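Architecture and fold: a report
Here is how the chains run, residue by residue.
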Amino acid sequence: MPVLNSLTQSTKNGLKLITSNLPLSIYSIISITYIYLLGTNYSVIAEVIGISDNLYFIIPLALFTVIFLFVGAAYKKNYHRQLNLICNVVGIAFPLLLLLEVKGIPGLLGYTFLGGISAAMCLPNVISAFLSKTDYNNRGSACGIFTVIVFVVIIALSFIIDSFIALVIALVILKVLGLLASNKIKSIDFSTEELVYIKTNTRTKIAFLVVWIIFNIVDVVVETIVSSGLSNSQIQNTLIESYLIGLVAMVVAGAIMDSYGRKRVMIIAYAYLGLDYAMISIAGSSLYQLTVLDGIAWGILTILLLLILWGDICKPTSRGTWIAASLSIAFSSVILLPIMPSLLKGLPFGLRFEQIFPLTSIFLFVAVVIILSLPETIPDRFLQKKELEDYIQQVKKVSEKYKK
């Protein structure tokens, strides 16, 4: 196991990377925050433009978002200034055009189209640029700290955004700041950046996407079940506590993965969720509060399957495509939230909501089986080097102790 000094050093390395590439870090944080705000506040926009059913808005928005994620992934050779300029300009114009409140089909298609461009098209290019600055010594901790900052910004904005106008102002400010930060980013040629990665075939990469899909579906199912069994205040408290636990897990797990590898941590996260839901299914609704501990697995898997993994197993010039696929899965899960209650009620054999926990456990254990067949994404020589460094540190401590 990695010693505390090793984890502390890994965290310092990650923080140093973020601060030494500050314009890129700020722009990446802003870009992810923008798409998150759009994905979680779509109902506000739908109401303003007269869409009675939120699904009629979120489905085309998700479709355009996925399309433009892959369009942006085509810019894979370097950090593309023109692409990011277009995204920022459209991102400033999009919320301002919302003030016109264009209704009907023209408004629906126009707003979802512009929303997809502004939120998604630059993301694969920006995240690829960020990952190109990382290596096996700091990628886990850097991604952990980076994602924590993203959610701190999102949480702070959630206290400010209490109306449609506040949402518009927040989106405009984010893109203005993004425009300023992106202009300060120096040219980045992905082909000349970090070239150490685990060579994997397409089948392996798809397998990692499958386990990510399993987690997202299970997460939505559990959120639906918990929402049906708790009051609104209990739901809010559970979500807040779960997020806070998840943010701590991101930083700690990121440092551990730099020192101890990714695969075992991933297996532990899925196995832990499976055991957690198995316990809830045995005890019934009396243990719903245990779902707050899902934040541990959520924190680990979010940084691992959205960011870290694609830096480990993808050639720098092909990362954008797989980042786009991973982000598409995460954003598409937004569609599942409003329709999941109906899907669960339509299950055969008259299953009650709390009886679905055993089914989710089965899928999580299937994910563990898939992961067991997948490779560790840090080369052995890096892990062995860190183990040797840890051992040397321990020997020095013992030696100093006996000298005294």
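In what follows, the accompanying structure is described. Here the structure is a predicted model, which means the values were calculated and not measured.

**Details of helix H13 (residues 294-313)**
With 20 residues, H13 should reach 28 Å at 1.5 Å per residue; the first-to-last C-alpha distance of 27 Å fits that figure. Counting buried residues in H13 gives 19 out of 20 residues, a clear majority hidden from the surface.

**Some points on the packing of helix H8 (residues 139-160) against H13**
Where H8 meets H13, the axes come as close as 9 Å, and the angle between the chain directions of the two elements is 125°. Classed by the angle they form, the pair H8 and H13 counts as oblique. Here the hand of the crossing between H8 and H13 comes out right-handed. Between H8 and H13, the contacting residues are Arg-139, Gly-140, Cys-143, Gly-144, Phe-146, Thr-147 and Phe-151 on the first element and Trp-298, Thr-302, Ile-303, Leu-307, Ile-308, Gly-311 and Asp-312 on the second.

**Observations regarding the side chain of Lys-175**
Summarising the element assignment, Lys-175 is placed in helix H9 (residues 164-183). For the buried Lys-175, no salt bridge exists, and the shortest N-O distance to an oppositely charged side chain is 22 Å, to Asp-162.

**A look at unusual backbone geometry**
Within the chain, Glu-101 stands out as a residue other than glycine whose phi angle is a positive 55°. Assignment of secondary structure puts Glu-101 in the loop between helix H5 (81-98) and helix H6 (104-120). A residue is classified by how much of its surface remains accessible, and Glu-101, at 36% relative accessible area, is partly exposed.

**Considerations on the nonpolar core**
Residues Phe-57, Tyr-270, Leu-305 and Trp-310 are the most contacted members of the largest nonpolar core, which totals 128 residues. Among residues more than four places away in sequence, those in contact with Phe-57 are Tyr-42, Ile-45, Ala-46, Ile-49, Ile-51, Leu-108, Tyr-111 and Thr-112.

**Structural notes on H6**
A turn of α-helix holds 3.6 residues, and therefore any two residues three or four places apart point the same way. The terminal C-alpha atoms of H6 lie 24 Å apart, and with 17 residues this matches the ideal 24 Å at 1.5 Å per residue to within 8%. Residues of H6 that are buried include every one of Gly-107, Leu-108, Tyr-111, Thr-112, Gly-115, Gly-116, Ile-117, Ser-118, Ala-119 and Ala-120, and no others. Residues of H6 that are buried in the fold lie against helix H2 (22-40), helix H4 (54-73), H5, helix H7 (123-132) and H9.

**Brief notes about the environment of Glu-376**
Counting through the fold element by element, Glu-376 comes out in the loop between helix H15 (357-372) and helix H16 (380-403). A C-alpha to C-alpha distance of 5.2 Å links Glu-376 and Lys-263, two positions 113 residues apart in sequence. At a separation of 2.9 Å, a polar atom in the side chain of Glu-376 contacts the main-chain amide nitrogen of Arg-262. There is a polar contact of 2.9 Å between the side chain of Glu-376 and the backbone nitrogen of Lys-263.

**Considering the packing of aromatic side chains**
Taken as a whole, this structure holds 10 aromatic pairs when the rule is applied. When the ring of Phe-68 is compared with that of Phe-113, the centres are 5.3 Å apart and the planes differ by 75°; the resulting orientation is edge-to-face. A residue pair is termed long-range when its members are at least 10 positions apart, and Phe-68 in helix H4 and Phe-113 in helix H6 qualify at 45 residues. Residue classification places Phe-113 among the partly exposed residues on the basis of a relative accessible area of 36%. On the basis of an interplanar angle of 70° and a centroid distance of 6.5 Å, the ring pair of Phe-94 and Tyr-111 is categorised as edge-to-face. Of this pair, Phe-94 sits in helix H5 while Tyr-111 is found in helix H6, placing the two residues 17 residues apart along the sequence. For Tyr-111, a relative accessible area of 4% corresponds to the buried category. One aromatic cluster is present, built from ring pairs that chain together Tyr-36, Phe-151, Tyr-243 and Trp-298.

**What to know about the environment of Ser-242**
Secondary-structure assignment places Ser-242 in helix H11 (residues 232-260). When the C-alpha atoms of Ser-242 and Gly-299 are compared, they prove to be 9.3 Å apart, with 57 residues separating the residues in sequence.

**Re the environment of Ser-6**
Mapped onto the elements, Ser-6 comes out in helix H1 (residues 4-20). With a relative accessible area of 10%, Ser-6 lands in the buried category. Separated by 249 residues in sequence, Ser-6 and Ala-255 place their C-alpha atoms 8.4 Å apart.

**Section: a positive patch on the surface**
The grouping of Lys-76, Lys-77, Lys-199 and Lys-315 at the surface amounts to a positive patch. Mapped onto the elements, Lys-199 comes out in the loop between H9 and helix H10 (202-229). According to the relative accessible area criterion, Lys-199 is exposed, its value standing at 74%.

**Points about the state of the cysteines**
What the rule picks out here adds up to zero disulfides. Here Cys-87 stays free of any disulfide, with the sulfur of Cys-122 as its closest cysteine sulfur at 4.0 Å. The exposure class of Cys-87 is buried, given its relative accessible area of 0%.

Cut-offs applied
As a convention, each chain's residues are numbered from 1 in the sequence order in which they are written. With pLDDT at 70 or above as the cut-off, local features in this predicted model cover only qualifying residues; side-chain atom pairs require 80 or more to be listed or tallied, and sums for whole chains, interfaces and linings still use all residues. The side-chain numbers reported here are obtained from all heavy atoms of the structure, hydrogens and water having been left aside. In DSSP terms, a helix is any run of H or I states spanning at least four residues, a strand is any run of E spanning at least two, and both are numbered starting from the N terminus. To estimate the expected span of a helix, subtract one from its residue number and multiply by 1.5 Å. Here the term buried applies to any residue with accessible area under 20% of the maximum for its type, exposed to any over 50%, and partly exposed to those in between, with areas from a 1.4 Å probe on protein chains only. Interaxial angles span 0 to 180 degrees and are taken between N-to-C directions of axes, which are lines fitted to C-alpha atoms, for helices over the stretch in contact. Note on terminology: angles under 35 degrees are roughly parallel, angles over 145 are roughly antiparallel, angles of 65 to 115 are roughly perpendicular, and the others are oblique. Put simply, a crossing is left-handed when the front helix is turned counterclockwise from the back one by less than a right angle, and right-handed when it is turned clockwise. What makes two residues a contact is simply this: any of their non-hydrogen atoms within 4.5 Å. Within this scheme the basic residues Lys and Arg register as positive and the acidic residues Asp and Glu register as negative, but His and the chain ends are omitted. Salt-bridge detection follows one rule: a side-chain nitrogen of Lys or Arg within 4 Å of a carboxyl oxygen of Asp or Glu. Here the nonpolar core consists of buried residues drawn from Ala, Val, Leu, Ile, Met, Phe, Trp, Tyr and Cys, with membership extended through side-chain atoms lying within 4.5 Å. Whenever a nitrogen or oxygen atom comes within 3.5 Å of another N or O atom, the pair is scored as a polar contact, on the condition that within protein one atom can donate a hydrogen and the other can accept it, and that pairs from neighbouring residues in sequence are kept only if both atoms are in side chains. Only rings of Phe, Tyr and Trp enter the pairing, Trp through its six-membered ring, and a pair is recorded when the two centres are within 6.5 Å. The plane angle decides the type: under 30 degrees is stacked, over 60 is edge-to-face, the rest tilted. Here, patches come from residues exposed beyond 30% relative accessible area and free of salt bridges, joined within 9 Å for like charges and within 5 Å for nonpolar side chains (Val, Leu, Ile, Met, Phe, Trp, Tyr). Reported accessibility uses the Shrake-Rupley method at a 1.4 Å probe radius. Residues are deemed covered only where the shown protein chains occlude them. For charged residues, the charge sits on one atom: NZ in Lys, CZ in Arg, CG in Asp, CD in Glu. Here, two cysteine sulfur atoms that lie within 2.5 Å of each other are counted as a disulfide.

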